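Next come the chains, spelled out residue by residue.
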Amino acid sequence: MSLSVHERQSLQPFNTFGVAVTARWYAEAGSDAEVREALGAAAARGAELFVIGGGSNLLLTGDLDAFVLRMVSRGRRLLDEADGRVVVEAEAGESWHPFVLWSLEQGLAGLENLSLIPGTVGAAPVQNIGAYGVELKDVLHSVVALDRASGELREFAAADCAFAYRDSRFKREVGRWLILRVRFALDRQARLH
């Protein structure tokens, strides 16, 4: 088992409000294998799995008697390019704003209106983040998520995510899907909105 599990872990550094609370169990997942290990570790302890990213949309009011899993997977890559459209994939644990900056450094347009939003790539589809007339749904290609009940991987096309204003199927189906990677369809030429 490569997953390192800690008991009575402070969550103060993992929530932007800096609330001094603890998790009964805590681990960080940097890979799909570690996510699966965490699911097993939580089940073995009879604990609820509580997944966090950057902690920017999280207000903790007390200690969590749960198995807290922080997504720390990293990686960004260009997957495909055709006719000026580029599909880019980022791991769930990537910090959102640095990812946006990286996409701009690659000469890709589409995410610039979404810069400076706190959080992680994996959390972005849950809330369908948005700013200045652009929402995540406008640039999303697909989401790769793990079904926490069956253990199966599923790729959701943008149309399958049931996006609405600051909402998605991932937000409505609480506890079912664990987002591992997000893919974006970006442009070589900026499109003004």
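Residues numbered from 1 in each chain as written. Predicted model: local features only at pLDDT ≥ 70, side-chain atom pairs only at ≥ 80, totals over all residues. Heavy atoms only, no water.

Caption draft 1: Seen up close, the sheet that holds strand E11 (residues 177-187). If you walk across this open sheet you meet the five strands as E5-E6-E11-E9-E10, and the pairing is antiparallel. Two strands close off the open sheet at either side, each with one partner strand: strand E5 (76-82) and strand E10 (153-157). Strand-to-strand twist of the sheet, defined as the mean angle between neighbouring strand axes without regard to direction, takes the value 20°. Two strands pair when backbone bridges link them, and strand E9 (residues 140-147) and E11 are joined in this way by seven bridges, in the antiparallel orientation. (Pairing = 2+ DSSP bridges. Helix = DSSP H or I, 4+ residues; strand = E, 2+ residues; numbered from the N terminus. Axes fitted to C-alpha atoms, helices over the stretch in contact; angles between N-to-C directions.)

Caption draft 2: Geometry of helix H2 (residues 96-105). For H2, the full list of buried residues reads Trp96, Phe99, Val100, Trp102 and Ser103. Taken around the axis of H2, the buried residues stretch over an arc of 160°, which confines them to a single face. Those residues of H2 that are buried are in contact with E5, strand E6 (85-91), helix H3 (124-127) and E11. Count one or two residues on from H2 and you reach glycine 107, which has phi positive near 80°. (Buried < 20%, exposed > 50% of the residue type's maximum accessible area, 1.4 Å probe, protein only. Arc of directions from axis to C-beta. Contact = heavy atoms within 4.5 Å.)

Caption draft 3: Looking closely at the pattern of salt bridges. Going through the model one piece at a time under the given rule, you end up with 17 salt bridges. Note that arginine 70 is salt-bridged to glutamate 28, the shortest N-O span being 3.0 Å. With arginine 70 in strand E4 (residues 64-71) and glutamate 28 in strand E2 (residues 22-29), this residue pair connects regions lying 42 residues apart in the sequence. Notably, a salt bridge pairs arginine 172 with aspartate 167, separated by 2.6 Å at the nearest N-O pair. Salt bridges sharing common partners tie together Asp32, Arg77, Glu89, Glu91, Glu155, Arg181 and Arg183. (Salt bridge = Lys/Arg side-chain N within 4 Å of Asp/Glu carboxyl O.)

Caption draft 4: Examining the layout of surface pockets more closely. The computed volume of the largest pocket comes to approximately 970 Å³. Taken together, 34 residues make up the lining of the largest pocket; nearest its centre are Val51, Ile52, Gly53, Ala123 and Val126. It is strand E3 (residues 49-52) that provides the largest number of residues to the lining of the largest pocket, a total of four residues. Partitioning the lining of the largest pocket into residue classes produces 19 nonpolar, 11 polar and four charged. (1 Å grid on protein atoms, 1.4 Å probe; cavity = no way out; pocket = protein on both sides within 12 Å on 5 of 7 lines; lining within 4 Å. Points joined across faces, edges and corners; volume = space filled by probe spheres on them. Nonpolar A, V, L, I, M, F, W, Y, C, P; charged D, E, K, R; others polar.)

Caption draft 5: Main features of helix H1 (residues 32-44). With 13 residues, H1 should cover 18 Å at 1.5 Å per step; its first-to-last C-alpha distance of 19 Å lies within 8% of that length. Listed in full, the buried residues belonging to H1 are Glu34, Val35, Ala38, Leu39, Ala41 and Ala42. Projected down its long axis, H1 shows its buried positions confined to an angular sector of 165°, all on one face. Pointing more than 90 degrees away from the buried face of H1 are the exposed residues Ala43 and Ala44. Close packing links the buried residues of H1 with E2, E3, E4, E9 and E11. (Expected span 1.5 Å × (residues − 1).)

Caption draft 6: The arrangement of the side chain of glutamate 34 in detail. Here glutamate 34 shows up in helix H1. No salt bridge is formed by the buried glutamate 34; its nearest oppositely charged neighbour, arginine 74, is found at 10 Å. (Lys, Arg positive; Asp, Glu negative; His and termini not counted.)

Caption draft 7: Seen up close, the sheet that holds E3. Spatially, four strands are ordered E1-E2-E4-E3 in an open sheet, and the strand pairing comes out mixed. Only two strands of the sheet have a single neighbouring strand rather than two, namely strand E1 (6-10) and E3. Neighbour-to-neighbour, the strand axes of this sheet turn through a mean angle of 45°, independent of strand direction. Summarising the sheet, E2 and E4 pair through six bridges and their orientation is parallel. Within E4, the residue paired with alanine 27 across the bridge is leucine 69. Each of E2, E3 and E4 is contacted by H1, which is oriented at about 175° to E4, the strand it contacts most.

Scope: geometric values only; no functional claims are made or implied.
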